[in-house]
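Coordinate inspection notes
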Amino acid sequence: MAIWEKLFGNWGSAAARQFDGSGTNGAVELTKRRPTFSLTKQGAVTGNLRVNLSWRMRTSDFNERPSFGAGLRHPLRKFTPQVVQAQGPAMVNVDLDLACMYELQDGSKGVVQPLGNILGSVNSPPYVQLSGDDRFGSGSGETIYINMDHRDDFKRLLVFVYIYDGTPAFDRTHALVTLYPGNGPRLEVALHERAPEARSCAVVLIENVKGEIIVRREMKYVYGFQSELDRLYGWGLQWGRGYKSKV
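In short, a report on the structure. (Residues numbered from 1 in each chain as written. Predicted model: local features only at pLDDT ≥ 70, side-chain atom pairs only at ≥ 80, totals over all residues. Heavy atoms only, no water.)

Looking now at the overall build of the protein chain. Tallying secondary structure elements over the protein chain gives four helices and 17 strands in all. In the protein chain, which comprises 247 residues, the share counted as buried stands at 53%. (Helix = DSSP H or I, 4+ residues; strand = E, 2+ residues; numbered from the N terminus. Buried < 20%, exposed > 50% of the residue type's maximum accessible area, 1.4 Å probe, protein only.)

The next subject is the sheet that holds strand S16 (residues 212-222). Note: strands within a sheet are paired through backbone hydrogen bonds, in either parallel or antiparallel orientation. Read across the open sheet, the six strands follow the order S3-S16-S15-S12-S7-S8; overall the sheet is antiparallel. Because the sheet does not close on itself, it has two edges, and the strands there are strand S3 (36-38) and strand S8 (109-112). Averaged over all pairs of adjacent strands, the angle between their axes in this sheet comes to 20 degrees, without regard to strand direction. The strands that helix H4 (residues 226-233) touches are strand S7 (96-104), strand S12 (154-163), strand S15 (200-209) and S16; relative to S16, the one it contacts most, it runs at about 125 degrees. (Pairing = 2+ DSSP bridges. Axes fitted to C-alpha atoms, helices over the stretch in contact; angles between N-to-C directions. Contact = heavy atoms within 4.5 Å.)

Going through the model one piece at a time under the given rule, you end up with seven salt bridges. Here Arg156 ties to Glu103 by a salt bridge, and the two come within 2.6 Å at their closest N and O atoms. Within this pair, whereas Arg156 is found in strand S12, its partner Glu103 is found in strand S7, the two being separated by 53 residues in sequence. Here Arg156 and Glu103 have matching classes, each one buried. Members of the salt-bridge network, linked through shared partners, are Glu207, Arg216, Glu218 and Lys220. (Salt bridge = Lys/Arg side-chain N within 4 Å of Asp/Glu carboxyl O.)

This brings us to the side chain of Arg156. A relative accessible area of 14% places Arg156 in the buried class. Among the polar contacts listed, one links the side chain of Arg156 to the side chain of Glu103, at a separation of 2.6 Å. Separated by 3.0 Å, the side chain of Arg156 and the backbone oxygen of Tyr233 make a polar contact. Those residues in contact with Arg156 that sit more than four places away from it in its chain are Met101, Tyr102, Glu103, Leu205, Ile206, Glu207, Tyr233, Gly234 and Trp235. (Polar contact = N/O pair within 3.5 Å; in protein donor to acceptor, adjacent residues only side chain to side chain.)

Attention now moves to the packing of aromatic side chains. Going through the model one piece at a time under the given rule, you end up with two aromatic pairs. Here Tyr162 and Phe225 contribute two aromatic rings whose centre-to-centre distance is 6.4 Å and whose plane-to-plane angle is 75 degrees, an arrangement assigned as edge-to-face. A residue pair is termed long-range when its members are at least 10 positions apart, and Tyr162 in strand S12 and Phe225 in the loop between S16 and H4 qualify at 63 residues. Judged on exposure class, the residue Tyr162 and its partner Phe225 are both buried. The structure contains a cluster of three or more aromatic residues connected by ring pairs, namely Phe160, Tyr162 and Phe225. Across from the ring centre of Tyr180, 4.2 Å away, lies the NZ or CZ of Arg50, which sits over that ring. It is Arg156 that lies over the ring of Trp235; its NZ or CZ is 3.7 Å from the centre. (Phe/Tyr/Trp six-rings, centres within 6.5 Å; stacked < 30°, edge-to-face > 60°. Lys NZ or Arg CZ within 6 Å of the ring centre and 35° of its normal.)

Quick look at the structure:
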């Protein structure tokens, strides 16, 4: 089955203390120094694991701290595409998409993503479902729901973000991927590394390692889209061109 893409050329409280406490409001931030977290040892392997992408455009200050929820303070902004100054005089719109490649223990593989309206299902295989497509970086962002009651069915899940818009502009966005387990602290991964030409980023890999569900920070930028991430992680899917309807 062809999967659509857009082508362009532990551990309880003691364990939580092992991680950098630099996440906001008590969250655990997955970093290069502390990249992994065991959901199993945290007792967070039931119910739905929510994975949310929030983002907004940078303006002139590349060193400012992210301020998510700006769409809530300015509710009308969500009806207007985010516009950012490009590397020259041109202005560009940027559309970040949250997606997930999955591989189940029975060998079935696929992707859940806005492109192609492949939204998945939380109550039947692949037990992964996307809330919808946020075109403009609204306050709520995009959310993937992972049914952890079926954790034994999972082999690996790769959560990634790609830029649907033709202009690569990861360096012009404030983006944050947040995981909300059913128990324990939420996990944050900030996409703050500068990769101005990249079009996709593998953010976290969720793996079933001998029955233990482990989240690992990846943060691997690539210059292509889903097919390039597929090759990097050896998923083996077939990809074709896909486009979104105009809004």
